[in-house]
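# Reading the structure
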Amino acid sequence: MVDAAALKRPVLILGGTGDARLLVEQLTQAGHRDVRLSLAGATRAPTLPDRGSVRIGGFGGAQGLADYLIGEQIALLIDATHPYAAQITAHAHAAAQHTKLPLLRLNRPPWVPHTDDHWISATDHLQAASLMPSHARRIFLSIGRKEVAAYANCADRWFLIRSIEPPDPDTTPARHRWISARGPFDMAAETMLMRAQQIDCLVTKNSGGKATYGKIAAARTLGLPVVMIARPAEPQADAHAETVADALAWVARQLRSSA
Ligand SMILES: NC(=O)c1ccc[n+]([C@@H]2O[C@H](COP(=O)([O-])OP(=O)(O)OC[C@H]3O[C@@H](n4cnc5c(N)ncnc54)[C@H](OP(=O)(O)O)[C@@H]3O)[C@@H](O)[C@H]2O)c1
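Residues numbered from 1 in each chain as written. Predicted model: local features only at pLDDT ≥ 70, side-chain atom pairs only at ≥ 80, totals over all residues. Heavy atoms only, no water.

Let's shift gears to the sheet that holds strand S4 (residues 76–79). Sheets are built from strands paired through backbone hydrogen bonds, the pairs being either parallel or antiparallel. Here six strands make up an open sheet; going across it, the order is S3-S2-S1-S4-S5-S12 and the pairing parallel. The sheet terminates laterally at strand S3 (53–56) and strand S12 (239–241), the two strands that pair on one side only. Pairs of neighbouring strands in the sheet enclose a mean axial angle of 25 degrees, with direction left out of account. Pairing of strand S5 (residues 103–106) with S12 involves three bridges; the strand directions are parallel. Within S12, the position partnered with Arg105 by the bridge is His240. Contacts from helix H2 (residues 61–71) reach strand S1 (11–14), strand S2 (35–39), S3 and S4, with the element oriented near 155 degrees to S1. (Pairing = 2+ DSSP bridges. Helix = DSSP H or I, 4+ residues; strand = E, 2+ residues; numbered from the N terminus. Axes fitted to C-alpha atoms, helices over the stretch in contact; angles between N-to-C directions. Contact = heavy atoms within 4.5 Å.)

Within the secondary structure layout, Ile216 lies in helix H6 (residues 214–222). For Ile216, a relative accessible area of 0% translates into the label buried. Considering only alpha carbons, one finds Ile216 and Glu190, 26 residues apart in sequence, at a separation of 8.9 Å. Among residues more than four places away in sequence, those in contact with Ile216 are Trp111, Asp117, Trp119, Leu202, Thr204 and Met228. (Buried < 20%, exposed > 50% of the residue type's maximum accessible area, 1.4 Å probe, protein only.)

You can read the domains of the protein as domain 1 (4–109 + 233–258) and domain 2 (118–229). A separation of 30 Å is found between the C-alpha centroids of domain 1 and domain 2. Of the residues lining the interface, eleven residues belong to domain 1; the matching set on domain 2 comes to eleven residues. Taken over both partners, the interface formed by domain 1 and domain 2 buries close to 830 Å², and the fraction arising from carbon and sulfur atoms is 40%. Summed over the shared surface of domain 1 and domain 2, the number is one salt bridge. Among the ionic pairs, Glu165 bridges to Arg44, the shortest N-O distance being 2.7 Å. Tallied by class, the residues present in the side of domain 1 that touches domain 2 amount to six nonpolar, three polar and two charged. (Domains from an automatic or database assignment. Buried area = accessible area lost by both parts, 1.4 Å probe. Salt bridge = Lys/Arg side-chain N within 4 Å of Asp/Glu carboxyl O. Nonpolar A, V, L, I, M, F, W, Y, C, P; charged D, E, K, R; others polar.)

Close to the ligand lie 22 residues; Gly15, Ser38, Phe59, Lys146 and Lys205 are nearest. Between the ligand and the protein, one listed contact pairs an oxygen atom with a backbone N or O atom of Gly61 at 3.0 Å. Here an oxygen atom of the ligand and a backbone polar atom of Ile88 are 2.9 Å apart. In the complex, the protein chains occlude 77% of the 810 Å² of accessible area that the ligand would expose alone. Every element with two or more residues in the shell around the ligand is listed here: S2 and helix H3 (86–99). For the shell around the ligand, the leading source of residues is H3, giving four residues. Split into classes, the residues belonging to the shell around the ligand amount to eight nonpolar, eleven polar and three charged. (Near = heavy atom within 4 Å. Polar contact = N/O pair within 3.5 Å; in protein donor to acceptor, adjacent residues only side chain to side chain. Areas by Shrake-Rupley, 256 points an atom, 1.4 Å probe, with all protein chains shown as cover.)

This is how it looks when you write it as structure tokens:
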């Protein structure tokens, strides 16, 4: 349990994930008076935590983030951003080093393939576009809207594109259908969607966690190949947690050692 009396200065949580939201709620519930969730502002109507406060928008690079940490007298920095948000993670690392602030990286472990999965590993989206099996004609792109442009030249394929916000029409593959949806997605619904759309290949990031695992399980059930985009490399943080519970324990340890 976090000692509420010790929690006087703000904790900043870089978010954009369900785990970040949960962590803000649980730290606030544990007695911390000033827990701030930071969002990039990429989604127009983000799901917000029930407790804590929210700030929205970039900081202006690593130096901007360092200035914010100093100016706001932040006590602890937690990078709970998505595993593919490489830029903000690099900025958090640089800003923590510059300010000598304790930094925790909260990052869900990646999914691992089962023996009956057929995964094709790609280092990035351009490689993924070239690695889709030649027989695959109807591709489910479950990758977010910004990366869709890498598939724009695949004129001989049809794409089902799912994202919260619409992709840029100028760089979207010519033959596609876009659906707007926000997770979680369960296996039964994902199987139904892939069957209805006659999908023969899934392209996805390795986000980890349960909320979006349904598509992986559905692809296995349907015997479909999965082109899996590898996670980007990131700087080695001094402290690392894979779960919200581990992150809460880290905060408690930091407070004990600074008391
Ligand atoms: N990439 C994904 O696949 C994905 C999936 C789900 C959710 N998200 C969430 O969406 C956000 C944007 O993702 P991205 O891949 O575009 O990030 P990114 O490439 O790593 O970051 C781009 C810029 O956006 C700003 N930014 C990113 N996250 C921020 C945050 N939590 N608070 C304040 N500013 C933030 C920073 O601007 P400044 O340099 O001006 O500070 C950063 O330099 C992230 O917060 C991430 O957690 C990303």
